[in-house]
Amino acid sequence: MRVLIVEDDMVIAGNLGPIITRAGHDLVGLAADKGSAIALLRSTRVDFAFIDIHLLDGWTGVDVARVAGEEGAVAVFTTANRSLVPADFAGACGVIEKPYRDEPIEAALAYVAARLADGRAAAPPPPGLELSPQWAKRLNATRRARPAATESRPGV
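Residues numbered from 1 in each chain as written. Predicted model: local features only at pLDDT ≥ 70, side-chain atom pairs only at ≥ 80, totals over all residues. Heavy atoms only, no water.

> Any chance you could explain the pairing of strand β1 (residues 2-6) here in plain terms?
Look at any regular strand and the pattern is simple: side chains alternate between the two faces of the sheet. The buried fraction of β1 amounts to 4 of the 5 residues, a majority that puts the element mostly inside the structure. Here β1 runs beside strand β2 (residues 26-31); their pairing, made up of 5 bridges, is parallel. In the strand pairing of β2, Val6 is matched with Ala31. With respect to chirality, the unit in which β1 leads through helix α1 (residues 10-22) into the neighbouring parallel β2 is right-handed. In this sheet, strand β3 (residues 48-52) lies alongside β1 in parallel orientation, the contact comprising 4 bridges. Counted as the bridge partner of Ile5 is Phe50 from β3. (Buried < 20%, exposed > 50% of the residue type's maximum accessible area, 1.4 Å probe, protein only. Helix = DSSP H or I, 4+ residues; strand = E, 2+ residues; numbered from the N terminus. Pairing = 2+ DSSP bridges. Right-handed = clockwise from strand over helix to strand, strands pointing away.)

> Sorry, what's going on with the packing of aromatic side chains here?
Counted under the stated rule, the structure contains 2 aromatic pairs. For the pair Phe48 and Phe50, a centre-to-centre distance of 4.7 Å together with 75° between the ring planes defines the contact as edge-to-face. No difference in accessibility class separates Phe48 from Phe50, as the two residues are buried. Ring centres of Tyr111 and Trp135 lie 6.5 Å apart, and the angle between their planes is 45°; this geometry places the pair in the tilted category. Taken together, the residues Tyr111 in helix α4 (residues 102-118) and Trp135 in helix α5 (residues 133-145) connect sequence positions 24 residues apart. Here the two residues Tyr111 and Trp135 agree in accessibility, since each one is buried. Its end group placed over the ring of Tyr111, Arg115 keeps NZ or CZ at 5.2 Å from the ring centre. (Phe/Tyr/Trp six-rings, centres within 6.5 Å; stacked < 30°, edge-to-face > 60°. Lys NZ or Arg CZ within 6 Å of the ring centre and 35° of its normal.)

Spatial relationships are all this shows, so hold off on functional conclusions.
Written out as structure tokens, the structure is:
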């Protein structure tokens, strides 16, 4: 996947980059403010974006998440203040709360990559990733649509 980091804290952004590349994805850009993030989303193919809520220019990442969705990218908020994520998640897939470790980031990347590959949200989200109501609904709809497994026992 082609991944964008939208984060105003360069230490956090600097830590995210190697996690993304170690997981086998391409880091296509880093933006610390709304304008740069939107410019990258509109000029570069982005499959996935980690988006902080507080940005350098005082704007929130909520606007960036909406544009990401319009441009076909899956967004995940990364924030220390979960209460600032709107009820509709601004179209984002989910949220990972800060401080976080490498594992939830890697797991979120793998989860979204798998969901993009098979076109559905069929597996439960990994620990550390809280799904948005829309993605949770897709997950539940996919589970209900699957036929019940039946056991076949020889000689019965």
